[in-house]
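Given next are the chains, with one letter for each unit.
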Amino acid sequence: MSRLARVLIAGTSAATLISAASFAEPINKVELDQDQTGPVSSEDNQSADGVRDMISTAVAQGNSGTGALSGDSEISGVQNLDGSVSASSLLSANGVWASVISTATAQGNALTASVEDGALAMDLEQTAQAGQVSALSRLRISDYAAHTVQTASSAVNAIQTSAEGGQTLSIRQASAADSSAEARVEAAGAEIETSVVGAVAAGNSLLSTAEDEDSVLTLDQSQSGSTTSTAYAEIGNADYGVTAASQAAGNTATFQNDYGDSQVGGVQSNSGDVRSETVILAGEFANGYATGSANAVGNSVLTSTIGANTYSGVQQTNSGDVIANVSMVGGYDGGSGAGLGSVLNATAIGNAQSAYVCASCPVGVTGEINQINSGAVTASAVTVHNGQVRTVTSSATAVGNAATFATQTRGN
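What you are looking at is a predicted structure, and each value in this text was computed from that prediction instead of being measured. (Residues numbered from 1 in each chain as written. Predicted model: local features only at pLDDT ≥ 70, side-chain atom pairs only at ≥ 80, totals over all residues. Heavy atoms only, no water.)

Caption draft 1: View of the overall build of the chain. Of regular secondary structure, the chain possesses 0 helices and 21 strands. Over its C-alpha atoms the chain spans a radius of gyration of 22 Å, differing by no more than 12% from the 22 Å that the globule rule assigns to 412 residues. With the C-alpha coordinates of the chain rotated into their principal frame, the extents come out at 70 × 45 × 40 Å. Long-range pairs, those at least 24 residues apart, make up 85% of the contacts in the chain with a sequence separation of at least 6. Of the roughly 15900 Å² of accessible surface on the chain, a fraction of 47% belongs to carbon and sulfur atoms. Across the chain, the mean location of the 11 positive side-chain charges is 3 Å away from that of the 37 negative side-chain charges. (Helix = DSSP H or I, 4+ residues; strand = E, 2+ residues; numbered from the N terminus. Rg over C-alpha atoms; globule rule 2.2 N^0.38 Å. Contact = heavy atoms within 4.5 Å. Areas by Shrake-Rupley, 256 points an atom, 1.4 Å probe, with all protein chains shown as cover. Lys, Arg positive; Asp, Glu negative; His and termini not counted. Charge placed at Lys NZ, Arg CZ, Asp CG, Glu CD.)

The following block contains the structure:
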């Protein structure tokens, strides 16, 4: 006996689907049809002289679907975006005694589905016309803050799934929109004891986890808009250190399955420029390290399996420029430049595909990889210290096409 739930939602409404386990073998069937054509924006703006804590969250989504299901489930449909989406968290204060936490998230089309005690079958299409999906998390401190965390994330098309049974997924994501995520700390004349700044931007994104059953993913991702992430930290006295990281991917897919065979195939195509930029400007950081990273990739696929076989065979084509830059200046704006040291890393890859198996029994990895890159791939790490430090470590890595396969016995 089956139970049918049908949901048709338009615009920015969230579809929340919950099926109770009223029958011995429940089957959930959901059809989703969403079309957003106007601008969507959110802004959280806070200003204070002196305050103990500041906590801010800004979220904007063009189309959003959320499913929490029990039993075997089927989800199908279309999400279409033709408009801009922006989220901004804007904070400013003279002094913050304890902590600042700021998050900005912008998504054009978003779907999240989780299944308990059952398998998931999904046939979904996400499309976005030319436009912009942007997220900004900005903090301005004029005197003092104890601990700060600024994060920003943007994705034109985003899908996240999980199932306690297996998954059969047919995913099509196409974007002509630009994706931009920026996290900033502006505190040139202030002291911040610890600071973390992170920005993640994606054109098309898929994250999927399954367990106990065989799973199959058929993927078609296409990004023609630009993808940009920026992490910026400007601090007069970064007392116990500062960490800044940026990540940008035109197309990205991660598929994980525990104790069931995994099969991943399809295509990824990126023609838009992908740029990851991290900047640290610190007057001094006497009791800590300045750590910065920038990672940019045109197309990325990761298949990870525990206790079963894995197949990875996604055709990847990248023609956009891929750029990763990280820079650090110690002794900025007349500061002493004193600090324990700095660690910088920049990585840029045109196409990346990885398959990983961890098991105690004889299972293995099979791969058929076709990677084509014609875009310029550049990585840069620049360190300047106008003062005394203990250690300076940095690296810059640029790769046109990268394929990685690994099998590992548990315990090793």
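Next, the rest of the story.
Caption draft 2: Spatial organisation of the pairing of strand 7 (residues 132-163). Pairing between strand 5 (residues 85-116) and strand 7: 27 bridges, direction parallel. Paired with V115 across the two strands is A163, which belongs to strand 7. Sheet topology note: the strand 7/strand 9 (residues 178-211) ladder contains 27 bridges and is parallel. The residue of strand 9 that forms the bridge with A158 is S205. (Pairing = 2+ DSSP bridges.)

Caption draft 3: Highlighting the packing of aromatic side chains. In total, this model carries 0 aromatic pairs according to the counting rule given. Over the aromatic face of Y232 sits the side chain of R184, whose NZ or CZ is 4.1 Å from the ring centroid. (Phe/Tyr/Trp six-rings, centres within 6.5 Å; stacked < 30°, edge-to-face > 60°. Lys NZ or Arg CZ within 6 Å of the ring centre and 35° of its normal.)

Caption draft 4: Geometry of the environment of D214. Relative to the elements of secondary structure, D214 occurs in the loop between strand 9 and strand 10 (215-223). Relative accessible area serves as the criterion here: at 52%, D214 is assigned to the exposed category. In this structure, the C-alpha to C-alpha distance between D214 and D123, residues 91 residues apart in sequence, is 17 Å. Setting aside residues no more than four positions away along its own chain, D214 makes contact with G166, Q167, N257, G260 and D261. Looking at D214, its side chain comes within polar contact range of the main-chain nitrogen of D261, at 2.9 Å. (Buried < 20%, exposed > 50% of the residue type's maximum accessible area, 1.4 Å probe, protein only. Polar contact = N/O pair within 3.5 Å; in protein donor to acceptor, adjacent residues only side chain to side chain.)

Caption draft 5: Examining a negative patch on the surface more closely. On the surface, E116, D117, E164, E211, D212, E213 and D214 cluster together into a patch of negative charge. Residue placement: E213 occurs in the loop between strand 9 and strand 10. (Patch = residues over 30% accessible without salt bridge, like charges linked within 9 Å, V, L, I, M, F, W, Y side chains within 5 Å. Salt bridge = Lys/Arg side-chain N within 4 Å of Asp/Glu carboxyl O.)

Caption draft 6: Expanded view of the pairing of strand 11 (residues 227-237). Most of strand 11 sits out of view: 9 of its 11 residues are buried. Bridge analysis of strand 11 against strand 14 (residues 274-306) gives 10 bridges, and the strand direction is parallel. Each residue of the ladder has a partner; that of N237, found in strand 14, is E284.

Caption draft 7: Layout of the pattern of salt bridges. Scanning all chains against the criterion turns up 7 salt bridges. The residue E186 makes a salt bridge to R140 at a minimum N-O spacing of 2.8 Å. Linking E186 in strand 9 with R140 in strand 7, this pair joins segments that are 46 residues apart in sequence. Connected through salt bridges with shared partners, the residues R140, E182, R184 and E186 form a single ionic network.

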